[in-house]
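Report on the structure
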Amino acid sequence: EMEGPVETDYGYHLLLVTERTNCPKLDGSNTKLIKCEESSDGNFGTLVPSQQVGSVDGTKLLTDATVFALGCLIAGGFVAELAATIGSNVPN
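Residues numbered from 1 in each chain as written. Predicted model: local features only at pLDDT ≥ 70, side-chain atom pairs only at ≥ 80, totals over all residues. Heavy atoms only, no water.

Examining the overall build of the protein chain
The helix and strand tally for the protein chain stands at 2 helices and 4 strands. Ordered by position in the sequence, the α and β elements of the protein chain form the string β-β-α-β-β-α. Counting over 92 residues, the protein chain shows a buried share of 2%. Across the protein chain, contacts joining residues at least 24 apart in sequence account for 17% of those joining residues at least 6 apart. Carbon and sulfur atoms make up 60% of the accessible area of the protein chain, which totals about 8300 Å². (Helix = DSSP H or I, 4+ residues; strand = E, 2+ residues; numbered from the N terminus. Buried < 20%, exposed > 50% of the residue type's maximum accessible area, 1.4 Å probe, protein only. Contact = heavy atoms within 4.5 Å. Areas by Shrake-Rupley, 256 points an atom, 1.4 Å probe, with all protein chains shown as cover.)

Next up, the structure:
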């Protein structure tokens, strides 16, 4: 846990956490902090509902992982072909 300023070798620092996920018991549905004009109570931000509230969308996670893996596979094939072409043109 952190509270207050953080001390490092370079001095003290303030950290701004703009979103906290997987804490629905503590935060409810309002887990994202957005900047707004100063309000009458002196706050410069307000909490709003966020995309993820306590659970992971398994379908989206699986889809994103599959797209990423296919992209890596295709990009790796292009790089391998390019390396083979360059390597075959280098004199022994």
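Considering the pattern of salt bridges
Under the definition given, this model contains 1 salt bridge. We note a salt bridge from Lys-60 to Asp-64, for which the minimum N-O separation is 2.9 Å. In this pair, Lys-60 and Asp-64 both sit in helix 2 (residues 58-88), 4 residues apart, roughly one turn of the helix. Taking the relative accessible area as the measure of exposure, Lys-60 reaches 48% and is therefore partly exposed. What makes Asp-64 partly exposed here is its relative accessible area of 40%. (Salt bridge = Lys/Arg side-chain N within 4 Å of Asp/Glu carboxyl O.)

Quick word on the confidence of the model for the protein chain
On average, residues of the protein chain score 80 in pLDDT, and 79% of them reach the 70 mark or higher. Mean pLDDT values for the elements of the protein chain range from 70 in helix 1 (residues 24-27) up to 93 in helix 2. (pLDDT = per-residue confidence, 0-100.)

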